[in-house]
Amino acid sequence: MQTTWTSPSLTFSYVTLEDLTPISEMLTKETVCRWLFFGPNLPEVTHAYFLPFLDENALALAEDRLPSNFVFTIRNRKTKAFIGQCALIADEFSPGAYLVGYQIDDPFWNKGIGSEAVTFLIWFAFRIAGAYRLNADTAAGNQGSARVLEKGGFVPEGRQRKYWHARGGYHDRLLFGLLTEEVKEDVLATLDRLFS
Ligand SMILES: CC(C)(COP(=O)(O)OP(=O)(O)OC[C@H]1O[C@@H](n2cnc3c(N)ncnc32)[C@H](O)[C@@H]1OP(=O)(O)O)[C@@H](O)C(=O)NCCC(=O)NCCS
């Protein structure tokens, strides 16, 4: 079963044990966690969060089926250097709906990688995972996150005022969604050539 997908410059691989150290290091950073509802985390907290996904991946691989959730590590295709992670987390009450998530480590911001990660998640969700809907949300101050969602074609679906009380302030939550019928077949066909 395929566990790694590539674009010309990046690889997206199901998360493995060796990825937990760089992911944990990334999630200790104030910069990366500034707009997240979690973190900065101690490494053991991040390990404890990700370990069930590793177990689930191992079981799915043994049973030759797709995992229920898709958690990817993003690396530079050529150097294999760690860049970040992205994920599709299944909505347990609505089969076929997934929450998208993405964290790019701070040395790699503003290079188009967040946009590419969201594009990859859209392609994977609608081409491979059989999704009918993607959910996304972000703190209103996280302009980079809102922008990568807009660029990916996510539709704004609302604003929850003062949704988060964190880091000394109140933060509105922006809601986004994307339905399978909103992604044109010719766009997916182009992405079929980009991701393999
Ligand atoms: C948010 C995040 C994913 C953006 O990733 P990135 O790789 O820097 O984004 P890109 O380089 O693809 O930039 C996409 C667009 O967003 C804009 N952008 C990125 N960061 C921005 C910021 N801090 N403020 C305003 N605009 C920003 C870019 O200018 C670009 O716009 P354009 O294409 O119109 O020129 C990244 O900063 C990150 O991982 N942050 C920490 C974790 C996080 O907040 N994750 C999202 C949780 S909801």
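Data block above holds the structure.
A quick note: this is a predicted structure, and the numbers were derived from the prediction, not measured.

Scoring rules and cut-offs
Residues numbered from 1 in each chain as written. Predicted model: local features only at pLDDT ≥ 70, side-chain atom pairs only at ≥ 80, totals over all residues. Heavy atoms only, no water. Axes fitted to C-alpha atoms, helices over the stretch in contact; angles between N-to-C directions. Helix = DSSP H or I, 4+ residues; strand = E, 2+ residues; numbered from the N terminus. Parallel < 35°, antiparallel > 145°, perpendicular 65-115°, else oblique. Contact = heavy atoms within 4.5 Å. Nonpolar A, V, L, I, M, F, W, Y, C, P; charged D, E, K, R; others polar. Pairing = 2+ DSSP bridges.

Now for the packing of helix 4 (residues 113–128) against helix 6 (residues 185–194). Two elements in contact, helix 4 and helix 6, have axes whose closest approach is 10 Å; the angle formed by their N-to-C orientations is 110°. Viewed along their axes, helix 4 and helix 6 adopt a mutual orientation that is roughly perpendicular. Each of Thr119, Trp123, Phe126 and Arg127 in helix 4 lies in contact with helix 6, whose residues at this interface are Glu185, Leu188, Ala189, Leu191 and Asp192. Taken together, the residues that form the contact of helix 4 with helix 6 break down as five nonpolar, one polar and three charged.

Time to look at the sheet that holds strand 3 (residues 70–76). In spatial order, the strands read 1-2-3-4-5-6-8-7; together these eight strands make up an open sheet with mixed pairing. This sheet does not close on itself; its edge strands, each paired only once, are strand 1 (4–6) and strand 7 (155–166). Going from strand to strand, the sheet's axes swing by 25° on average, the running direction of each strand aside. Summarising the sheet, strand 7 and strand 8 (residues 169–179) pair through eight bridges and their orientation is antiparallel. Counterpart to Ala166 in the pairing with strand 8 is Gly169. Here helix 4 sits on the sheet in contact with strand 1, strand 2 (10–14), strand 3, strand 4 (82–90), strand 5 (97–104), strand 6 (133–139) and strand 8, set at roughly 35° to strand 4.

Residue placement: Ser115 occurs in helix 4. With 31 residues separating them along the chain, Ser115 and Gly84 place their C-alpha atoms 13 Å apart. With near-sequence residues (within four places) excluded, Ser115 lies in contact with Val148 and Lys151.

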